[in-house]
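Residue strings, one per chain:
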Amino acid sequence: MGNLKRRTFFKLGLASAALAVFKPSRASQLIEDSTRVTPPKPVVISTWKHGLAANENAWKVLQAGGKAIDAVEKGVRTTEADMSNRSVGIGGRPDRYGHVTLDACIMDEKSKCGAVAYLEGFMHPITIARTVMEKTPHVMLAGDGAADFALDYGFKKVKSPLKEVKKEWKEWKKAHTEKFDKPEINSENHDTIGMLAIDADGNLSGACTTSGWGYKLPGRIGDSPIIGAGLFVDNEIGAACATGLGEAVIRIAGSHTVVELMRNGHSPEDACRLAVERIIAKHDDLSGLQVGFLALNKNGEYGGYSVYNGFNFALTTPNQNELIDAKSNRNW
Ligand code: ASP
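Bear in mind that the values here come from a model prediction, so they are computed numbers and not experimental data. (Residues numbered from 1 in each chain as written. Predicted model: local features only at pLDDT ≥ 70, side-chain atom pairs only at ≥ 80, totals over all residues. Heavy atoms only, no water.)

Among the secondary structure elements, Met 262 is positioned in helix H8 (residues 254-263). Linking Met 262 and Ile 237, residues 25 residues apart in sequence, is a C-alpha distance of 6.8 Å. (Helix = DSSP H or I, 4+ residues; strand = E, 2+ residues; numbered from the N terminus.)

Below, the structure is given as structure tokens:
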């Protein structure tokens, strides 16, 4: 064997040895734990109590043999259209200057994704996000560009904030005169809807939509429209979404982290717990820092976990339709 050949052989030998050592772990190498629950498919889960009504509409699609991507879009549109909801859609709370700015994203089983951020005055940001995914070479459009795009595709402008929301905001403003004082984040002024589904064919998709942190600084974009933070889907492994303080979720690329933990064999609930613990470890001050994760894997196993108690999620399967209290690291 000549020198060159020997070197090539040596390199190949090393490469295959490395492959043998670093073979990516697969979801089939599951870590056993008591949190595994495997319902029959299809399955849809979504954040918070408003998830119950959203799941109902998603379920209509899934039950009829429809695709997960159509189910999650239809599901979260329910919450976007609910004008009594103060944290999703144009019924949401505005930023500190009175503008309701919306963030949303969607991801399908082929890892195609679309997002809109800082979008003002449209009823269904999730459908605009899906249009970005399907009609453009881009993933995310923001602000005026996103609004112009939506108008071009025939979406109609609607007025916001609602009268009663404006009144509440004016009172808030009177009491908060500092330019940069931190708006409170608590169970009253946030609550994204994140939804994950696996359809009868075993394909996963997810959607996430919010009006964001009430009274945020203008221009602020949270985790919810960011693929990998507010939502992530890998059809080989599973899907995850987040709710709560978006800044904390972004810092650990939250939903992507949860999916990668599932890839390493963790159950959905355990993956959510480990991501929550990572957030806790990275923050000195946990006051008011609520984050909740939801996850669904390729087997239809689901789970959720939050920093503080009080996070719940809606679950719909062929046998169940209920609101479940997620486990948490600590009590308020
Ligand atoms: N995650 C959202 C945001 O930070 C808000 C929420 O879910 O409560 O904008």
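This next bit is on helix H2 (residues 51-63). When the terminal C-alpha atoms of H2 are compared, their 17 Å separation across 13 residues agrees well with the 18 Å that a helix rising 1.5 Å per residue should span. Listed as buried for H2 are Gly 51, Ala 54, Asn 55, Asn 57, Ala 58, Trp 59, Val 61 and Leu 62. Taken from the residues just after H2, Gly 65 is the one with a positive phi, measuring 85°. (Expected span 1.5 Å × (residues − 1). Buried < 20%, exposed > 50% of the residue type's maximum accessible area, 1.4 Å probe, protein only.)

Turning our attention to unusual backbone geometry. Here the residue pair Lys 41 and Pro 42 is connected by a cis peptide bond, since its omega of -5° sits within 30 degrees of zero. By secondary structure assignment, the location of Pro 42 is in the loop between helix H1 (3-21) and strand S1 (43-47). In this chain, Ser 160 is followed by Pro 161 through a cis amide linkage whose omega measures 0°. With respect to the helices and strands, Pro 161 occurs in the loop between helix H5 (143-152) and helix H6 (163-175). Of note in the backbone geometry, Tyr 215 takes a positive phi value of approximately 70° without being a glycine. Among the structural elements, Tyr 215 can be located in the loop between strand S6 (204-210) and strand S7 (231-234).

Turning our eyes to something else, we now look at the side chain of Asp 199. Mapping Asp 199 onto the fold places it in the loop between strand S5 (193-198) and S6. Here Asp 199 sits buried without a salt bridge, and the closest side chain of opposite charge, Lys 67, lies 6.5 Å off (N-O distance). Within polar-contact distance, the side chain of Asp 199 engages the backbone nitrogen of Asp 201 at 3.0 Å. A polar side-chain atom of Asp 199 sits 2.9 Å from the main-chain amide nitrogen of Asn 203. (Lys, Arg positive; Asp, Glu negative; His and termini not counted. Salt bridge = Lys/Arg side-chain N within 4 Å of Asp/Glu carboxyl O. Polar contact = N/O pair within 3.5 Å; in protein donor to acceptor, adjacent residues only side chain to side chain.)

Ile 45, Val 258, Val 291 and Phe 293 are the most contacted members of the largest nonpolar core, which totals 51 residues. Membership of the second largest hydrophobic core comes to 32 residues, among which are Leu 62, Ala 147, Ala 150 and Phe 155. (Core = buried A, V, L, I, M, F, W, Y, C linked by side-chain atoms within 4.5 Å.)

As a note on interpretation, predicted positions should not be read in detail where pLDDT is low. For the protein chain, the mean per-residue pLDDT works out to 89, and 88% of the residues sit at or above 70. Note that pLDDT drops below 50 for residues 1-27; the model gives that stretch nine contacts with residues more than four away or on any other chain. (pLDDT = per-residue confidence, 0-100. Contact = heavy atoms within 4.5 Å.)

As a further point, take the sheet that holds strand S11 (residues 312-316). Strand order across the open sheet formed by eight strands is S4-S3-S2-S6-S5-S1-S11-S12, with mixed pairing between neighbours. If you trace the sheet from one side to the other, it starts and ends with strand S4 (140-142) and strand S12 (321-325), each paired once. Averaged over neighbouring strand pairs, the angle between their axes works out to 10° when direction is ignored. Bridging between strand S3 (residues 113-120) and S4 involves three bridges; their strand directions are parallel. (Pairing = 2+ DSSP bridges. Axes fitted to C-alpha atoms, helices over the stretch in contact; angles between N-to-C directions.)

In this structure the tally under the stated criterion is 13 salt bridges. A salt bridge links Arg 130 to Asp 70; the shortest N-O distance between them is 2.7 Å. With Arg 130 in helix H4 (residues 125-135) and Asp 70 in helix H3 (residues 68-80), this pair connects stretches of sequence that are 60 residues apart. With a relative accessible area of 13%, Arg 130 lands in the buried category. Given a relative accessible area of 30%, Asp 70 falls into the partly exposed group. Close ionic contact of Asp 108 with Lys 112 constitutes a salt bridge, the shortest N to O distance being 3.5 Å. A single network of salt bridges, built from pairs that share partners, joins Asp 70, Glu 73, Arg 130 and Glu 134.

Here the focus is the sheet that holds strand S9 (residues 291-297). Strand order in this open sheet of five strands is S7-S8-S9-S10-S13, and the pairing throughout is mixed. The two strands at the open ends of the sheet, each matched to only one other strand, are S7 and strand S13 (327-330). Neighbouring strand axes in the sheet, compared pairwise and without regard to direction, differ in orientation by 15° on average. As paired strands, strand S10 (residues 302-308) and S13 are joined by three bridges and run parallel to one another. Each residue of the ladder has a partner; that of Tyr 308, found in S13, is Arg 330. Strand contacts of H8: S7, strand S8 (238-244) and S9, with the helix running at about 145° to S8, the strand carrying the most contacts. Sitting on the sheet, helix H9 (residues 268-282) is in contact with S9, S10 and S13, with an inclination near 20° to S10.

Let us look at the side chain of Asp 223. Assignment of secondary structure puts Asp 223 in the loop between S6 and S7. Buried charge without a salt bridge: Asp 223, with Arg 220 as the nearest opposite-charge side chain at an N-O distance of 5.3 Å. Sequence-distant contacts of Asp 223, that is, excluding residues within four places in its chain, are made with Ala 229, Gly 230, Ala 242, Gly 244, Gly 246, Val 249 and Ile 250.

Given 3.6 residues per helical turn, the α-helix brings residues three or four places apart onto the same face. The end-to-end C-alpha separation of H3 is 18 Å, in line with the 18 Å expected for 13 residues at 1.5 Å each. Among all positions of H3, only Ala 68, Ile 69, Ala 71, Val 72, Glu 73, Gly 75, Val 76, Thr 79 and Glu 80 are buried.

Where a strand is regular, its side chains alternate between the two sheet faces. Note: S11 against S12, five bridges, orientation antiparallel. Counterpart to Phe 313 in the pairing with S12 is Ile 324. Between S11 and S12, which pair antiparallel one after the other, the connecting turn spans four residues.

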